[in-house]
Amino acid sequence: MARAKEVGLQVVGAVEYYNFQTINDMTPIIVKLKQLNPDVVHHIAYTNDAPLFWRQAREQNFLFKALVHAGATGYGGSDFGKAVGNDGNGVFALLEPGPGFKIEALKPEGQKIEKDFRDAIQKRTGSYPLGAHQLAGGGLWLLKIVLDKAQSDDPDKFRTAVLSLDMPVGTMINGWGVKFNETGQNANERVQHYMLQWQNGQLVTVWPEEFTTNRAKWIPLGPWDQRK
Amino acid sequence: MDPARSLGPAQIDVFAQLAVSTILLGGIYALIAVGLTLIYGIMRVVNFAHGEFLMLGMYLAFWAFTLWSLDPWFVLFVSIPLFFVIGLITYALVMKGVVRASHNVQVFTTVGLSTVLQNLALVLWSGDFHTVRPWHSLRATRVLGTAFNLSQVVAFVVAIVLTVALVAFMRLTHTGRVMRATAQDHDAAVLMGIDTERVYRLTFALGIAAVGAAGVLVSPLYAVYPTAGLQFVLLSYVIVVLGGLGDMGGALVGSLIVATVEVAGSYIFGTAWKEIFYFILFIGVLVFRPAGLFGQRGAETLGM
């Protein structure tokens, strides 16, 4: 909340619920939000509640300019697309890159590993890697790099190898770079964020623009039946 | 300012919408609870696998829709006889041996059955979430500033029809009288020449047919996955206790009460509060009216 104010966002309301798996009716929440009349709805949802919210928001004709989600669940998962199809057009999710991702924007080693990984996933599942796939795949690949470097599973040697990593942005499967600081966290400036958007049943990369061939659409979101 | 705390003309529309949502949600709960209360009322067995039969009904609707594009409203007519037979088979294989056993044995058996069915669904159909999207699932009807979901309206109507039909069956038919006699006094019923084994079999099959139909009807509204039943079944126990164990009309009223608490609590105090409210209600009923709001005092120990 404080951070939102710092960057100049006016928070008109916050609705909390924890029973994301057992919630059966989101109408009371939607009716309340409708009265608050927000420009942007930032809804962190899970597999059940995202399609339920979207369907009931449509029923209630709740209009807002954009919905933004973060993470690989709910609006960021393939189940949302299966559940609502083209009716999901316009929803944003902050996530790992999806279709439209320009791998030429990556470093050569990043391009190679991204392509190998994506081909393997597509061969196995028939669909584009989504959400946490690249993050998990990237983590595993990083483990291999560290083990190659340390040539040992001794914790001290392993730690030294981890801390000595210095990979620029664009070298990992998801386009991130790697540089761990003393606290063991990957430095923020090596993390590349991507905004994805549901466009005709597919979650595609729309931002940053230099990383993608797709452009964000439906800003602001029009009436529910005009998002084609 | 929280809009729920202000009153004004705009609140009338909100109130109307919340009332509509409450009634429709109550209908879904009643649909699920009526089979549970029937089985409990006659057999005195709490079926902990009730939610899993609901889940199977949802999968039936999903496969029929995905493979043959059959509308859940059509599948409903197939599901009733189909789940009646599933109920008969489950009774013969699982329930028959424990219907006269102690409550502990019954609880372990039905909980075990629930786990088996959940995992069977997981093995057969994976843990993926599925959706059934017939034309009516996204159809909102607007009347006087309130919105109705068509799938939900039909589920509500079927819930009412089903409850009325079951109550009429129990009150007016010979078989219904035989079932009630068995529930009141098993031993006396046997002495009067009632085949109580047959009564239990029929009761269980009817209860499963009702919940199977419920599963088909809610499939356009909620995601289909192996543990989908858990989303509703905990609530059903609250409803059944509220309405009086074995009282089907009570289950309908109990469903509306739980839905009211859920919708109003969620709007006024926040969604996180709703489970607190209905479990306070649940505990309150158990303490002050253990036979449920409409049940007769002492009925809760019948046959135990």
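Residues numbered from 1 in each chain as written. Chains lettered and ligands numbered in written order. Predicted model: local features only at pLDDT ≥ 70, side-chain atom pairs only at ≥ 80, totals over all residues.

Novice: Hey, could you run me through the overall build of chain B in this one?
Specialist: Looking only at helices and strands, chain B features 11 helices and two strands. Walking chain B from its N terminus toward its C terminus, one meets helices and strands in the order α-α-α-α-β-β-α-α-α-α-α-α-α. Relative to the compact-globule value of 19 Å for 304 residues, chain B shows a C-alpha radius of gyration of 20 Å, a close match. In terms of its C-alpha atoms, chain B occupies a principal-axis envelope of roughly 65 × 50 × 35 Å. The long-range fraction of contacts in chain B, counting pairs at least 24 apart against all pairs at least 6 apart in sequence, stands at 78%. (Helix = DSSP H or I, 4+ residues; strand = E, 2+ residues; numbered from the N terminus. Rg over C-alpha atoms; globule rule 2.2 N^0.38 Å. Contact = placed C-beta atoms within 7 Å.)

Novice: Whenever I open this one, the overall build of chain A confuses me. Can you help?
Specialist: Scanning chain A from terminus to terminus reveals seven helices and five strands. For chain A, the sequential pattern of α-helices and β-strands runs α-α-β-α-β-α-β-α-α-α-β-β. In chain A, which comprises 228 residues, the share counted as buried stands at 37%. Long-range contacts, defined as pairs at least 24 residues apart, comprise 64% of the intrachain contacts of chain A with a sequence gap of at least 6. (Buried ≥ 20, exposed ≤ 12 C-beta atoms within 10 Å, placed from the backbone.)

Novice: How should I be thinking about the domain arrangement of chain A in this particular structure?
Specialist: Interfaces are often sized by the accessible area lost when the parts come together. Residue and element names in this part refer to chain A. In terms of domain boundaries, chain A breaks down into domain 1 (2-100 + 193-226) and domain 2 (105-190). When each unit is reduced to the centre of its C-alpha atoms, the spacing between domain 1 and domain 2 is 29 Å. Here the residues of the side of domain 1 that touches domain 2 are counted per class, giving six nonpolar, four polar and two charged. (Domains from an automatic or database assignment. Nonpolar A, V, L, I, M, F, W, Y, C, P; charged D, E, K, R; others polar.)

Novice: So what exactly am I meant to see when it comes to the interface of chain B and chain A here?
Specialist: On the side of chain A, 28 residues touch chain B, which itself brings 23 residues to the contact. Of all elements in the fold, only α1 (10-43), β2 (146-149) and α10 (248-268) of chain B reach the threshold of two or more residues within the side of chain B that touches chain A. Looking at the side of chain B that touches chain A element by element, the count peaks at five residues for α1 of chain B. Of the residues belonging to the side of chain B that touches chain A, the class tally is 13 nonpolar, eight polar and two charged.

Novice: Can you walk me through the confidence of the model for chain A in this structure?
Specialist: When pLDDT drops low, the exact placement of atoms in the prediction is not to be read closely. Per-residue confidence for chain A gives a mean pLDDT of 89; residues scoring 70 or more make up 100%. Looking across chain A, the model is least confident in helix α1 (residues 2-6) of chain A, with a mean pLDDT of 82, and most confident in strand β1 (residues 40-42) of chain A, with 94. (pLDDT = per-residue confidence, 0-100.)

Novice: What's the story with the nonpolar core in this structure? I'm lost.
Specialist: Side chains that are nonpolar tend, in soluble globular proteins, to be buried together. In this structure, Y29, L31, V34 and V258 of chain B are the most contacted members of the largest nonpolar core, which totals 126 residues. Looking at this core, the element that brings in the most residues is α1 of chain B, giving 18 residues. Counting six residues, the second largest nonpolar core, distinct from the first, contains I113, F117, I173 and W176 of chain A. (Core = buried A, V, L, I, M, F, W, Y, C linked by C-beta atoms within 7 Å.)

Novice: I would appreciate a short explanation of the environment of Q134 of chain A in the present structure.
Specialist: Residue and element names in this part refer to chain A. Looking at where Q134 falls in the secondary structure, it is placed in helix α6 (residues 132-150). For Q134, a count of 27 C-beta atoms within 10 Å puts it in the buried group. Spatially, the C-alpha atoms of Q134 and K82 are 21 Å apart, while their sequence positions differ by 52 residues. If we skip the residues at most four places from it in the chain, Q134 touches E96, P97, P129, I173 and N174.

Novice: What am I meant to see in the pairing of strand β5 (residues 202-207) of chain A here?
Specialist: Side-chain positions along a regular strand alternate between the two faces of the sheet. Residues and elements named next belong to chain A. Pairing geometry for strand β4 (residues 194-199) and β5, over five bridges, is antiparallel. Bridge pairing in β5 links W198 to L203. Taking the residues between adjacent antiparallel strands as the criterion, β4 and β5 are bridged by two residues, where N200 takes a positive phi near 50 degrees. (Pairing = 2+ DSSP bridges.)

Novice: Whenever I open this one, the packing of helix α2 (residues 27-36) of chain A against α10 of chain B confuses me. Can you help?
Specialist: Any two packed helices are characterised by the angle at which their axes cross and by the distance between the axes. Axis separation between α2 of chain A and α10 of chain B bottoms out at 8 Å; the angle between their running directions is 30 degrees. The angle between the axes of α2 of chain A and α10 of chain B places the two elements in the roughly parallel class. For the pair α2 of chain A and α10 of chain B, the sense of crossing is right-handed. Only V263, S266 and Y267 of chain B of α10 of chain B make contact with α2 of chain A, whose side of the interface consists of P28, I29, V31 and K32 of chain A. Of the residues in the contact of α2 of chain A with α10 of chain B, the class split is five nonpolar, one polar and one charged. (Axes fitted to C-alpha atoms, helices over the stretch in contact; angles between N-to-C directions. Parallel < 35°, antiparallel > 145°, perpendicular 65-115°, else oblique. Left-handed = near helix turned anticlockwise from the far one by under 90°.)

Novice: Explanation requested: helix α2 (residues 50-68) of chain B in the structure shown.
Specialist: Three or four residues apart is the spacing at which side chains of an α-helix point the same way, because the helix has 3.6 residues per turn. All names here are of chain B. In this model, α2 (19 residues) spans 27 Å end to end at C-alpha, consistent with the 27 Å of a helix rising 1.5 Å per residue. Here α2 lies mainly inside the structure; 15 of its 19 residues are buried. Following α2 by one or two positions, S69 adopts a phi angle in the positive range, close to 55 degrees. (Expected span 1.5 Å × (residues − 1).)

Novice: So what exactly am I meant to see when it comes to the sheet that holds β5 of chain A here?
Specialist: The pairing of strands in a sheet happens through backbone hydrogen bonds and is either parallel or antiparallel. Residues and elements named next belong to chain A. Strand order in this open sheet of five strands is β1-β2-β3-β4-β5, and the pairing throughout is mixed. Each end of this open sheet is capped by a strand with a single partner; those strands are β1 and β5. Strand-to-strand twist of the sheet, defined as the mean angle between neighbouring strand axes without regard to direction, takes the value 30 degrees.

Novice: What is the right way to look at the packing of helix α5 (residues 150-172) of chain B against helix α8 (residues 196-218) of chain B in this model?
Specialist: Residues and elements named next belong to chain B. Between α5 and α8, whose axes approach to 10 Å, the crossing angle comes to 165 degrees. One way to sum up the angle between α5 and α8 is to call them roughly antiparallel. Pair α5 / α8 crosses with right-handed handedness. The residues of α8 that touch α5, namely those facing V154, A155, V158 and L162, are A210, L217 and V218. A breakdown of the residues in the contact of α5 with α8 according to their chemical character gives seven nonpolar, no polar and no charged.

Novice: I tried to follow α10 of chain B on my own but got confused; where do I start?
Specialist: Residues and elements named next belong to chain B. With 21 residues, α10 should reach 30 Å at 1.5 Å per residue; the first-to-last C-alpha distance of 30 Å fits that figure. Among the 21 residues that make up α10, 15 are buried, leaving the element largely enclosed by the rest of the structure. Downstream of α10 by one or two residues, G270 has phi in the positive range, about 110 degrees.

Novice: Would you take a moment to explain the confidence of the model for chain B for this structure?
Specialist: Residues and elements named next belong to chain B. Taken residue by residue, chain B gives an average pLDDT of 87. The fraction at 70 or more is 93%. Taking the mean pLDDT of every element in chain B, the minimum, 82, falls on strand β1 (residues 140-143) and the maximum, 95, on α2. Here residues 300-304 scores under 50 on pLDDT; set against residues more than four positions off or in separate chains, the count is 10 contacts. Scoring of the predicted complex yields 0.86 for pTM and 0.84 for ipTM.

Novice: What is the right way to read unusual backbone geometry from this model?
Specialist: Generally, phi is negative for residues other than glycine and the peptide bonds are trans, each holding for most cases. The amide bond that connects W207 of chain A to the next residue, P208 of chain A, takes the cis arrangement and shows omega of 0 degrees. Along the polypeptide, P208 of chain A turns up in the segment after β5. The backbone phi angle of R44 of chain B is positive, close to 60 degrees, even though this residue is not glycine. You can call R44 of chain B buried: it has 21 C-beta atoms within 10 Å.

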